[in-house]
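Observations on the three-dimensional arrangement
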Amino acid sequence: LAKHPEIKALMKPDYNLIWVVVLMVLAQLTAFYLVKDLDWKWVIFWAYVFGSCISHSMTLAIHEISHNSAFGNSKAMWNRWFGIFANLPLGLPYSISFKRYHMDHHRYLGGDGIDVDIPTNFEGWFFCTRFRKFIWIVLQPFFYAIRPLCINPKPITRLEIINLLAQLSFDVVIYYLWGVKSIFYMLAGSVLGLGLHPISGHFIAEHYMFLKGHETYSYYGPLNLLTFNVGYHNEHHDFPNIPGKSLPLVKKIAAEYYDNLPQYNSWIKVLYDFVMDDTISPYSRMKRQLKGEVKQD
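Note that this is a predicted model, so its numbers are computed, not measured.

Attention now goes to the UniProt feature "domain: Fatty acid desaturase" (unreviewed entry) in the chain. In the numbering adopted here, UniProt assigns the feature "domain: Fatty acid desaturase" (unreviewed entry) to residues 41-263. Strand forms 1% of residues 41-263 and helix 61%; the C-alpha atoms that close the span are 38 Å apart.

Once that is clear, we can look at the side chain of glutamate 215. Position of glutamate 215 relative to the elements: it lies in the loop between helix H10 (201-207) and strand S1 (218-219). Within the structure, the side chain of glutamate 215 is placed 2.2 Å from the side chain of arginine 288, a separation counted as a polar contact.

For the structure shown, the criterion picks out 25 aromatic pairs. Between phenylalanine 71 and tryptophan 78, the ring centres sit 5.4 Å apart and the planes meet at 70°, which makes this aromatic pair edge-to-face. On the basis of relative accessibility, which here comes to 15%, the residue phenylalanine 71 falls in the buried class. Members of the aromatic cluster, each reached through a chain of ring pairs, are Phe122, Trp125, Phe126, Phe127, Phe142 and Phe143. The ring of tyrosine 101 carries lysine 154 above its face, with NZ or CZ at 4.6 Å from the centroid. If you follow lysine 251 out to its NZ or CZ, it ends over the ring of tyrosine 220, 4.7 Å from the centre.

Contact geometry for helix H1 (residues 16-35) and helix H8 (residues 158-178): axes closest at 10 Å, N-to-C directions at 35°. The crossing of H1 and H8 is right-handed. Contact residues: H1 offers Leu29, Phe32 and Tyr33, while H8 offers Phe170, Ile174 and Trp178. Partitioned by chemical class, the residues of the contact of H1 with H8 number 6 nonpolar, no polar and no charged.

In this fold, glutamine 167 is placed in helix H8. Given a relative accessible area of 1%, glutamine 167 falls into the buried group. Each residue touching glutamine 167, except ones within four places of it in the same chain, is listed here: Asn87, Leu88, Gly91, Leu92 and Pro93.

Attention now moves to unusual backbone geometry. Phi is positive for asparagine 68, close to 60°, though the residue is something other than glycine. Mapped onto the elements, asparagine 68 comes out in the loop between helix H2 (40-66) and helix H3 (76-87). When its relative accessible area of 11% is taken as the criterion, asparagine 68 is described as buried. Despite not being glycine, phenylalanine 228 has its phi angle at roughly 55°, a positive value. Mapped onto the elements of the fold, phenylalanine 228 is located in the loop between S1 and helix H11 (233-238).

Below, the discussion takes up the UniProt feature "transmembrane region" (unreviewed entry) in the chain. In the numbering adopted here, UniProt assigns the feature "transmembrane region" (unreviewed entry) to residues 17-35, 42-61 and 81-98. Structurally, residues 17-35 comprises 100% helix and 0% strand, and the distance from its first C-alpha atom to its last is 27 Å. Taken end to end, residues 42-61 is 100% helix and 0% strand, and its two terminal C-alpha atoms sit 27 Å from one another.

Let us look at the state of the cysteines. Counting across every chain of the model gives 0 disulfides. Of all cysteine sulfurs, the one in cysteine 150 lies closest to cysteine 128, which takes part in no disulfide; the gap is 19 Å. Residue classification places cysteine 128 among the partly exposed positions, given a relative accessible area of 39%.

Analysis parameters
Note on numbering: residues in each chain are counted from 1, in written sequence order. Side-chain atom pairs in this predicted model are given and counted only at pLDDT of 80 or more, local residue features only at pLDDT of at least 70, and totals for whole chains, interfaces and linings cover all residues. Processing note: side-chain calculations cover all non-hydrogen atoms of the structure and skip hydrogens and water entirely. UniProt positions are given in the numbering used here, feature names are shortened, and annotations may be inferred rather than shown by experiment. Runs of H or I in DSSP of at least four residues are treated as helices and runs of E of at least two as strands, each being numbered from the N terminus. Definition of a polar contact: a pair of N or O atoms within 3.5 Å, with one able to donate and the other able to accept a hydrogen when the atoms are protein atoms, and with sequence-neighbouring residues admitted only if both atoms are side-chain atoms. Only centres within 6.5 Å qualify two rings of Phe, Tyr or Trp (six-membered ring in Trp) as a pair; their planes then separate them into stacked at under 30 degrees, edge-to-face at over 60, and tilted for everything else. Per-residue accessibility, obtained with a 1.4 Å probe over protein chains only, is compared with the maximum for each type, and a residue is labelled buried under 20%, exposed over 50%, and partly exposed between these values. In this scheme, Lys NZ or Arg CZ marks a charge over a ring once it lies within 6 Å of the ring centre and within 35 degrees of the ring normal. To define axes, lines are fitted to C-alpha atoms, for helices over the stretch in contact only, and angles between the resulting N-to-C directions are given on a 0 to 180 degree scale. Rotating anticlockwise by less than a right angle from the far helix to the near helix defines a left-handed crossing, while the corresponding clockwise rotation defines a right-handed one. Any two residues whose heavy atoms approach within 4.5 Å are treated as being in contact. Under the scheme applied, nonpolar residues are Ala, Val, Leu, Ile, Met, Phe, Trp, Tyr, Cys and Pro; charged residues are Asp, Glu, Lys and Arg; polar residues are all the others, including Gly. Count a disulfide wherever a pair of cysteine sulfur atoms falls within 2.5 Å.

Right under this line is the structure:
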């Protein structure tokens with residue numbers, strides 16, 4: 001910032017995010033209606049080909065909203081309510097809990113017992129062969145769901161209860177209107193999109209140490225168009241209050257800080273290399289023993 005103070009001008013809400021999220025919700029509602037009378041094979045096909053992409057993209061919209069990118073820091077609660085709305089087509093309550101744990105990830109990256117993005121010791125010990133690492137990738141949604149309960153359980157908040165009740169109510173309405181195929185499409189899309197899917201390469205690309213001494217990596221490939229530029233991950237951790245839309249500008253303005261860092265151009269290759277490289281496993285993360293006072297959401 002001392003060298004490039006113009007970056008401060010990018011620290012503002014991205015109001016276009018609001019309309020993009022609304023359109024994504026409407027797209028999924030349309031899909032719920034269209035799949036209700038399809039054969040099961042086509043329900044499964046569209047859940048993976050279309051629903052999974054929208055669902056994973058929506059989790060990254062929720063990531064943006066967790067940083068107050070939709071309405072700004074001055075309207076934090078507006079972002080929380082909007083996150084609950086964005087959560088609806090995913091089928092499972094996610095938004096409020098994600099925000100609480102994700103802030104810890106930024107404050108205490110790799111913090112032992114705090115950052116639940118770090119795999120458990122069991123994951124590192126068991127998923128150590130090529131086949132088991134492949135299964136671990138398939139089961140990523142499961143591990144991301146249960147890991148906080150094992151590593152850093154937190155008391156349930158009022159907003160999390162509201163998130164749960166809103167989600168259950170939405171799911172019941174969808175089932176009542178369009179039946180079990182629409183519910184299956186919604187849930188299957190979320191699970192498949194966060195598991196064995198090209199976009200899921202970002203889970204591993206962001207912080208797994210393929211190179212010693214480098215714990216955060218950026219990806220500059222085309223899938224950033226579907227993921228609110230989450231691939232610009234060094235830039236995001238440097239400036240978490242800048243919306244994803246503006247992160248390419250951060251890289252352009254401060255090119256001397258980012259251009260020479262190790263980077264990726266393919267999330268699919270990241271997934272392949274993770275499975276096939278016997279020196280990489282869920283253990284391949286930087287873990288820190290935190291000192292001093294730890295403040296969590």
